[in-house]
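Structure assessment
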Amino acid sequence: MPGSPDAGRAAHWDDRYRSVGPTAASWFEEQPTTSLDLLAALDVRPLNSVIDVGGGASTLVDHLLAVGHTELAVLDVSAVALAAARHRIDDDPAVTWIQADVLTWNPPRRWDVWHDRAVLHFLVDDTDRQTYVTQLRRSLTPGGAFVIGAFAEDGPTECSALPVRRYSIDDLDDLLGDVDVLHRRRHLHRTPGGANQPFNWIAGRLRCA
Ligand SMILES: C[S@@+](CC[C@H](N)C(=O)[O-])C[C@H]1O[C@@H](n2cnc3c(N)ncnc32)[C@H](O)[C@@H]1O
């Protein structure tokens, strides 16, 4: 709806992708190495369904398609970002594109894996962070896996003209509550402009009831 917070966020991110371009954006990475390492560490296989939340124009789907994944989804508030990725992979039918705000989206199904690189840190309000956790839990199958990367405690204080909330490994450990965090990583992302951005990552699984 025009004028809603979702519409404002969508317009903001569409503008970022249009003005900077997907591959020059500070978050761009040709090889999503940490994501792929952590997915492998969790034993995620091509038969597992994966949703990349705030995936934008990330190349993660390209890499997952290359190893045989057939059930992928990319959710992002920016239609411009999704269109760029969709075009790049020639509209591969293995990928579902979801233009939505993660905070207000109504998940139509469950996935085996939730992946998020660099969306969580834009949620600076506690209520939004709680909503994020609720959305993750209602989007995952029982025992489902998660891989989450956010700016580290010594990372940038803002990004794309927006404030961010930074996360120590302990903060990320506490985020989801009653889950099994199985892997923790720090990674220094080198932006296309040559700056270093420290990220912290967690990967794990929901507990089966
Ligand atoms: C820093 S970029 C990271 C993109 C991608 N994950 C990557 O690693 O290349 C943040 C992405 O989150 C999206 N985004 C920001 N807030 C969002 C929200 N509330 N719901 C869904 N997507 C959002 C933006 O459009 C953008 O594509």
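Look up: the structure comes first, before these words.
This report concerns the structure included in the present document. (Residues numbered from 1 in each chain as written. Predicted model: local features only at pLDDT ≥ 70, side-chain atom pairs only at ≥ 80, totals over all residues. Heavy atoms only, no water.)

Another aspect to go through is the overall build of the chain. Helices and strands together make up the secondary structure of the chain, namely six helices and nine strands. Taking 17 Å as the expected radius of gyration for a compact globule of 209 residues, we find that the chain reaches 16 Å, a close match to that expectation. Expressed as lengths along the three principal axes of its C-alpha atoms, the size of the chain is roughly 45 × 40 × 35 Å. Looking at the 209 residues of the chain, the share that counts as buried comes to 51%. Sequence-distant contacts in the chain: of pairs separated by 6 or more residues, those separated by 24 or more amount to 69%. (Helix = DSSP H or I, 4+ residues; strand = E, 2+ residues; numbered from the N terminus. Rg over C-alpha atoms; globule rule 2.2 N^0.38 Å. Buried < 20%, exposed > 50% of the residue type's maximum accessible area, 1.4 Å probe, protein only. Contact = heavy atoms within 4.5 Å.)

So, about the site of the ligand. Taken together, 19 residues are adjacent to the ligand, and Tyr17, Gly54, Asp76, Asp101 and Arg117 come closest. The contact in question runs from an oxygen atom of the ligand to an N or O atom on the side chain of Asp76, over 2.6 Å. Taking Val77, its main chain carries an N or O atom lying 3.2 Å from a nitrogen atom of the ligand. Considering the ligand on its own, with 590 Å² of exposed area, one finds that the protein chains cover 97% of that surface. One can see that the ligand is located within the largest pocket. For the shell around the ligand, the secondary-structure elements that each account for two or more residues are helix 1 (5–20) and strand 2 (72–76). By residue class, the composition of the shell around the ligand is 10 nonpolar, five polar and four charged. (Near = heavy atom within 4 Å. Polar contact = N/O pair within 3.5 Å; in protein donor to acceptor, adjacent residues only side chain to side chain. Areas by Shrake-Rupley, 256 points an atom, 1.4 Å probe, with all protein chains shown as cover. 1 Å grid on protein atoms, 1.4 Å probe; cavity = no way out; pocket = protein on both sides within 12 Å on 5 of 7 lines; lining within 4 Å. Sits in = over half its atoms within 2 Å of the grid points. Nonpolar A, V, L, I, M, F, W, Y, C, P; charged D, E, K, R; others polar.)

Another point: the pattern of salt bridges. Overall, the coordinates contain 13 salt bridges when judged by the stated rule. Its salt-bridge partner being Arg45, residue Asp43 comes within 3.0 Å of it at the nearest N-O pair. Of the charged contacts, one joins Asp62 and Arg88 as a salt bridge, the two residues approaching to 2.6 Å between their closest N and O atoms. In this pair, Asp62 sits in helix 3 (residues 60–66) while Arg88 sits in helix 4 (residues 79–88), placing the two residues 26 residues apart along the sequence. Its relative accessible area of 22% is what places Asp62 among the partly exposed residues. Classification of Arg88 by relative accessible area gives partly exposed; the value is 35%. (Salt bridge = Lys/Arg side-chain N within 4 Å of Asp/Glu carboxyl O.)

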